[in-house]
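Now for the letters of each chain:
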Amino acid sequence: MTTTEQERTVRAACPHDCPDTCALRVTVSGNRVIRVEGDPDHPATDGVLCTKVARYAERTHHPDRLTQPLRRVGPKGSGQFEPVSWAVAMAEIGQRLNQIAARDPQRIVPYSYAGTMGFVQGDGLAQRFFHALGASRLDATICSAAGSNGLASVHGKSIGMAVEQFEHSKLILLWGTNPVTSSVHLWRRIQTAKRKGAVVVAIDPFESDSAQKCDRWLALRPGTDAALALALINVLITEDLLDRDWIEQHTEGFEALTERAMQWPAARAAEICGVAEADIVWLARQWGSVRPAAIRVNYGVQRARGGADAVRAIAALPALAGAWRDAAGGMLLSSSGWFPVDVTGWQRPDLMPGWPDRLPRSVNMSAIGEALAIPLENAGASTSVGSTSDSSTSGSSTSAGSASIPVEAIVVWNANPVAVAPDSESVIRGFAREDLFTVVLEHFQTDTADWADWVLPATTQMEHFDLHKSYGHTSLVVNHPAISPIGDALPNSEIFRRLARAMGLTEPALFDDDQTVARSALDWSHPRLAGVTWEDLLERGWAPLTMDPTVNPLANGGFPTASGRVQLVDSALSVQGRDPVPDWQPPWESAEVDPERSALYPLQLISPPARNFLNTTFVNVTSIRAREGEPECLLHPADATQRGLVEGALVKVFNDRGAFAARLRVTERARRGVAVAPSIWWHRDAPGIQGGPGRNVNAVTSQRLTEGGAGATFYDCRVEVEALA
Ligand SMILES: Nc1nc2c(c(=O)[nH]1)N[C@H]1C(S)=C(S)[C@@H](COP(=O)(O)OP(=O)(O)OC[C@H]3O[C@@H](n4cnc5c(=O)[nH]c(N)nc54)[C@H](O)[C@@H]3O)O[C@H]1N2
Ligand SMILES: Nc1nc2c(c(=O)[nH]1)N[C@H]1C(S)=C(S)[C@@H](COP(=O)(O)OP(=O)(O)OC[C@H]3O[C@@H](n4cnc5c(=O)[nH]c(N)nc54)[C@H](O)[C@@H]3O)O[C@H]1N2
Ligand code: SF4
Ligand SMILES: [Mo]
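Reading the values: the criteria
- Residues numbered from 1 in each chain as written.
- Chains lettered and ligands numbered in written order.
- Predicted model: local features only at pLDDT ≥ 70, side-chain atom pairs only at ≥ 80, totals over all residues.
- Heavy atoms only, no water.
- Salt bridge = Lys/Arg side-chain N within 4 Å of Asp/Glu carboxyl O.
- Buried < 20%, exposed > 50% of the residue type's maximum accessible area, 1.4 Å probe, protein only.
- Near = heavy atom within 4 Å.
- Nonpolar A, V, L, I, M, F, W, Y, C, P; charged D, E, K, R; others polar.
- Polar contact = N/O pair within 3.5 Å; in protein donor to acceptor, adjacent residues only side chain to side chain.
- Areas by Shrake-Rupley, 256 points an atom, 1.4 Å probe, with all protein chains shown as cover.
- Domains from an automatic or database assignment.
- 1 Å grid on protein atoms, 1.4 Å probe; cavity = no way out; pocket = protein on both sides within 12 Å on 5 of 7 lines; lining within 4 Å.
- Points joined across faces, edges and corners; volume = space filled by probe spheres on them.
- Helix = DSSP H or I, 4+ residues; strand = E, 2+ residues; numbered from the N terminus.
- Core = buried A, V, L, I, M, F, W, Y, C linked by side-chain atoms within 4.5 Å.
- Contact = heavy atoms within 4.5 Å.
- Pairing = 2+ DSSP bridges.
- Expected span 1.5 Å × (residues − 1).
- Phe/Tyr/Trp six-rings, centres within 6.5 Å; stacked < 30°, edge-to-face > 60°.
- Lys NZ or Arg CZ within 6 Å of the ring centre and 35° of its normal.
- pLDDT = per-residue confidence, 0-100.
- Axes fitted to C-alpha atoms, helices over the stretch in contact; angles between N-to-C directions.

*Asks:* Tell me about the pattern of salt bridges, and please be specific about residues and values.
*Replies:* Taken as a whole and assessed by the stated rule, the structure comprises 47 salt bridges. Between Arg55 and Glu58 there is a salt bridge, with its nearest N and O atoms 4.0 Å apart. Judged by relative accessible area, which is 31%, Arg55 ranks as partly exposed. A salt bridge links Asp594 to Arg597; the nearest nitrogen and oxygen atoms lie 3.3 Å apart. Exposure remark for Arg597: the relative accessible area of 15% places this residue in the buried category.

*Asks:* Which residues make up the site of ligand 3, and what values do they have?
*Replies:* Near ligand 3 the following residues occur: Cys14, Cys18, Asp20, Thr21, Cys22, Leu49, Cys50, Val53, Val184, His185 and Leu614. Here the residues of the shell around ligand 3 sort into 8 nonpolar, 2 polar and 1 charged.

*Asks:* If you had to explain the site of ligand 2 to someone new, which residues and values would you point to?
*Replies:* Around ligand 2, a shell composed of 31 residues is seen, among which Glu442, Thr616, Thr617, Asn698 and Tyr715 lie nearest. At a separation of 2.9 Å, an oxygen atom of ligand 2 approaches a polar backbone atom of Asn416. When the free accessible area of ligand 2 is taken as 920 Å², the share hidden by the protein chains comes to 97%. The residue inventory of the shell around ligand 2, partitioned by class, reads 13 nonpolar, 14 polar and 4 charged. The residue makeup of the shell around ligand 2 includes at least three contributed by each of domain 2 (70-142 + 340-544) and domain 4 (595-723).

*Asks:* Run through empty space enclosed by the protein, naming residues and quoting values.
*Replies:* Over the atoms, a rolling probe the size of a water molecule traces out where space has been left empty. With the rule as written, the count across this model stands at 3 cavities of 30 Å³ or more. What lines the largest cavity is Pro19, Asp20, Ala44, Val163, Ser183, His185, Leu186, Arg189, Arg296, Leu332, Gly472 and His473. No other element matches helix H7 (residues 184-195), which puts 3 residues into the lining of the largest cavity. Per-class residue counts for the lining of the largest cavity are 5 nonpolar, 4 polar and 3 charged. Both domains that meet at the lining of the largest cavity, namely domain 1 (7-60) and domain 3 (146-337 + 570-576), each give it at least three residues.

*Asks:* Describe the nonpolar core, naming the residues involved and giving the relevant values.
*Replies:* Of all hydrophobic cores here, the largest spans 104 residues; its most connected members are Trp175, Trp287 and Leu320. Setting aside anything within four residues of it in sequence, one finds Trp175 in contact with Ile203, Asp225, Leu228, Ala229, Leu232, Ile295, Arg296, Val297, Asn298, Val301, Ile314 and Leu317. Ala371, Val407, Ile606 and Tyr715 belong to the second-largest nonpolar core, a separate cluster that totals 39 residues.

*Asks:* Describe the pairing of strand E24 (residues 603-606), with residues and values.
*Replies:* Because side chains alternate across E24, one face comprises the buried residues Leu603 and Leu605, and the other comprises Gln604 and Ile606, equally buried. Across 2 bridges, the pairing between E24 and strand E29 (residues 718-723) is antiparallel. Paired with Leu603 across the bridge in E29 is Val719. The pairing of E24 with strand E28 (residues 674-676) spans 3 bridges and is classified as parallel. When the bridges of E28 are listed, Gln604 appears paired with Val674.

*Asks:* Tell me about helix H14 (residues 307-321), residues and numbers included.
*Replies:* The periodicity of an α-helix, 3.6 residues per turn, causes residues three or four places apart in sequence to face the same way. Between its first and last C-alpha, H14 extends 23 Å over 15 residues, near the 21 Å set by a 1.5 Å rise per residue. Most of H14 sits out of view: 15 of its 15 residues are buried.

*Asks:* Summarise the domain arrangement of the protein; cite the residues concerned and give the values.
*Replies:* Interfaces are often sized by the amount of accessible area the parts lose when they come together. When the domains of the protein are assigned, the result is domain 1 (7-60), domain 2 (70-142 + 340-544), domain 3 (146-337 + 570-576) and domain 4 (595-723). Across the contact, 30 residues belong to domain 1 and 32 residues belong to domain 2. The interface formed by domain 1 and domain 2 includes 0 salt bridges. In this assembly, domain 1 and domain 2 are joined by 17 residue pairs in polar contact (both at pLDDT 80 or more).

*Asks:* Lay out helix H18 (residues 424-431) in plain terms, naming residues and giving numbers.
*Replies:* Most of H18 is tucked away: 6 of the 8 residues are buried. Among all positions of H18, only Ser424, Ser426, Val427, Ile428, Gly430 and Phe431 are buried. Residues of H18 that are buried in the fold lie against helix H16 (368-372), strand E17 (409-413), helix H17 (417-420) and strand E18 (437-442).

*Asks:* Break down the packing of aromatic side chains for me, citing the residues and quoting the values.
*Replies:* Scanning all chains against the criterion turns up 15 aromatic pairs. Seen in terms of ring centroids, Trp264 and Trp584 are 6.3 Å apart; in terms of plane orientation they differ by 90 degrees. Their pairing is edge-to-face. Pair noted here: Trp264 is in the loop between helix H11 (254-261) and helix H12 (266-273) and Trp584 is in the loop between strand E23 (566-567) and helix H22 (595-600), with a separation of 320 residues, a long-range link. Take Trp584: its relative accessible area is 12%, and that puts it in the buried class. Arranged with centres 6.4 Å apart and planes meeting at 55 degrees, the rings of Tyr299 and Tyr471 form a pair that is tilted. Here Tyr299 is found in the loop between strand E12 (293-297) and H14, whereas its partner Tyr471 is found in the loop between strand E20 (466-468) and strand E21 (475-479), with 172 residues between them in sequence. Judged by its relative accessible area of 8%, Tyr299 falls in the buried class. Three or more aromatic residues joined by ring pairs make a cluster, and in this case those are Phe129, Phe130, Trp413 and Phe496. Above the face of the Phe618 ring, Arg59 is positioned so that its terminal group lies 5.8 Å from the ring centre.

*Asks:* Help me get a handle on the confidence of the model for the protein, residues and values and all.
*Replies:* Here the protein averages 95 in pLDDT, while 96% of its residues score no lower than 70. Here strand E16 (residues 397-398) stands out as the least confident element of the protein, with mean pLDDT 46; helix H9 (residues 225-238) is the most confident, with 99. Contacts for the low-pLDDT stretch residues 382-400, under 50 throughout, to residues beyond four places or in other chains number 48 contacts.

*Asks:* How would you summarise unusual backbone geometry if you had to cite specific residues and measurements?
*Replies:* Residue Pro292 is bonded to the preceding Arg291 through a cis peptide linkage, with omega at -10 degrees. Along the polypeptide, Pro292 turns up in the loop between helix H13 (277-289) and E12. Along the chain, Trp355 connects to Pro356 via a cis peptide bond; the corresponding omega equals 0 degrees. Relative to the assigned elements, Pro356 resides in the loop between helix H15 (343-347) and strand E14 (358-359). Of note, Thr21 is a non-glycine position whose phi angle comes to about 30 degrees, a positive value. Mapped onto the elements, Thr21 comes out in the loop between strand E1 (7-13) and strand E2 (23-29). Positioned with a positive phi, Asp423 is a non-glycine residue whose angle comes to about 65 degrees. Here Asp423 lies in the loop between H17 and H18.

*Asks:* Help me get a handle on the sheet that holds strand E10 (residues 216-218), residues and values and all.
*Replies:* Here we have 5 strands laid out as an open sheet, ordered E10-E9-E8-E12-E13, and parallel in their pairing. Each edge of the open sheet carries a strand with a single partner, namely E10 and strand E13 (330-332). For this sheet, the mean angle separating the axes of adjacent strands, direction not counted, is 20 degrees. Two elements, strand E8 (residues 171-175) and strand E9 (residues 199-203), share 5 bridges in a ladder whose sense is parallel. Bridge pairing in E9 links Trp175 to Ile203. Strands in contact with H9 are E8, E9 and E10; relative to E8, the strand with the most contacts, it is inclined by about 155 degrees.

Okay, structure coming up:
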């Protein structure tokens, strides 16, 4: 596409971990990105972007971009590197990885997440490379594992109502989500619904920017969502606000769920959740009577011990009240399950040694600190550590004693574990190990890159090709490179191709070009791709799946569960030692489970996404950081007064794992007993305590995992707050 002689417009896709997956139009002059705008033709994007990506030119052409491969010369963590050529970098890294693989390839751990979510620069070629090597697998649990696990139990897959339909709903529950921050396009639809008279309710311990604009804010205690949902079910049943026909035809387990819900009268839940009993009854009556009614539930509800069960209990609500009958009714956590992804063709798990029965061990990324703590001399021992697990998705077995295999090399791309993984002191101890070989593919010298032996400059979305699915809407979006790479940066895909060659690997699938990898990620014979051609997709930049957004695809059941029904109860869970019927599990760090810790550290800390950042991405973009200000901790006035703390004070937030410094904001937006620290700042940007190194919120979070899905428990965290002299 061309606009003028000097300026060109290129069709692109937002790569970030955001449900909106915007289609972009990038204006380029020479080799410079001039402007990034939302595609006005793509319905989900509608010509609008968030403030972060609207400033993508500033991030792309940032003076701190990494432009050359860097080899460490000073001590670990000293930040001293020297530039070398790609040829030397690949040869030396390849040689070292081959030496380690000769001992045991499982000593090599790939660590990646959602810095860029495309099929090509995300987990495509890179996974093929590590599979062929026989490296450890990564259990990718840091964000959504508990919620996905819960949703798979109830619905069979991560599917839900169409996001477009929220503007027609009459009752909307924003359950553990703040779309003003994390999904601006959904928020626009909710505003439309509000203008048409919809009642919008936020269920959140924090009066978020979204909650401030809702009709009601139900300020429950963190980690008590399952109790609230079970009490709502109790009222629906006792007041007969049920759609008995829909329950009969499309659900299973209603009797067992009823029995459980009878243990949850509103008064009991009110006590546990810290909300008024009358509010629970009000909400249940609304849910049982207003149509169409929709729940936007998101990841805030599943970052505590019982996160999977919270999602299961919440997912029962639309099924009991017949909400799925309406196009604008039901529930949406993630839409990613609608895409016919062909994981086998895309990531080639068959390249793994032992496929399909005895696969390499899997390392849980949410406990990477524990995994890195196993000393190299430990090889061969077989004590069990919490940091590894059998993959929850493949259902395959791992080799005996795999939990004790030490990590000798870690290769990081699309992720910043030193800053984002829980329990930073433990993570940093691991990355600081002199005998750990660390390779980091990055745009910038991040907290993680600081600990690397090798830092490899990667291209941004403006400089490489990719194809994206979405977890908010249901269209594919293509990303064409807008400019050629900055400096000597290379796409992740090309780096892994070169590394494979340098290591002498010969499997042809490791050398597929980017478009071939992208095409391999989808099952093109699937009816939801009927009529979508590769050429049209490249030309227009996006293509909707063939689904009619005006009808609810789940109105007549047909859920991808064994029975095709909504599984209110999941009998398969008993095999894993879990309760088949959803219940409230008190958080790990609660008075019920750990009274001693709860007395020492009385505040529950949550650290939800900051509006102007995307996890740790954009924190180093000057104009964006200026909008966010500085690391803050929000406390209720009563909690501040009790500690003699005043607005604007510099405070220390701490527990036995660590501490971080933040500016205190005294506000009723935090419910009593809860501290809120919008995140995720870089460690190095945070003020140090008593001359110590800067630390962000993950200095205090824990490596305990959720009961279902073995996910991270970032919001299951107790702290105390005191003034910093
Ligand atoms: N601007 C911006 N957008 C982002 C991100 C970002 O960092 N910045 N991150 C992206 C990523 S990786 C993700 S996973 C998504 C996350 O998307 P969401 O999960 O929708 O995250 P938030 O929008 O912050 O909403 C989470 C809300 O849950 C609340 N909460 C915390 N604990 C509990 C609890 O126990 N129960 C309930 N009911 N609520 C709770 C928090 O106060 C917060 O308001 O956002 C994505 N979008
Ligand atoms: N306390 C607390 N901690 C949290 C959370 C929380 O709510 N509270 N949220 C958690 C959640 S939901 C998530 S998803 C994780 C996010 O964790 P991560 O996925 O690690 O997210 P980012 O911090 O954005 O780091 C992504 C990095 O990838 C780099 N990157 C982007 N694109 C590319 C590319 O094409 N190539 C290469 N090589 N690099 C690239 C970026 O520069 C950036 O440094 O954090 C988790 N941590
Ligand atoms: S971060 Fe989200 S809202 Fe912003 S451009 Fe990307 S997909 Fe769109
Ligand atoms: Mo996430």
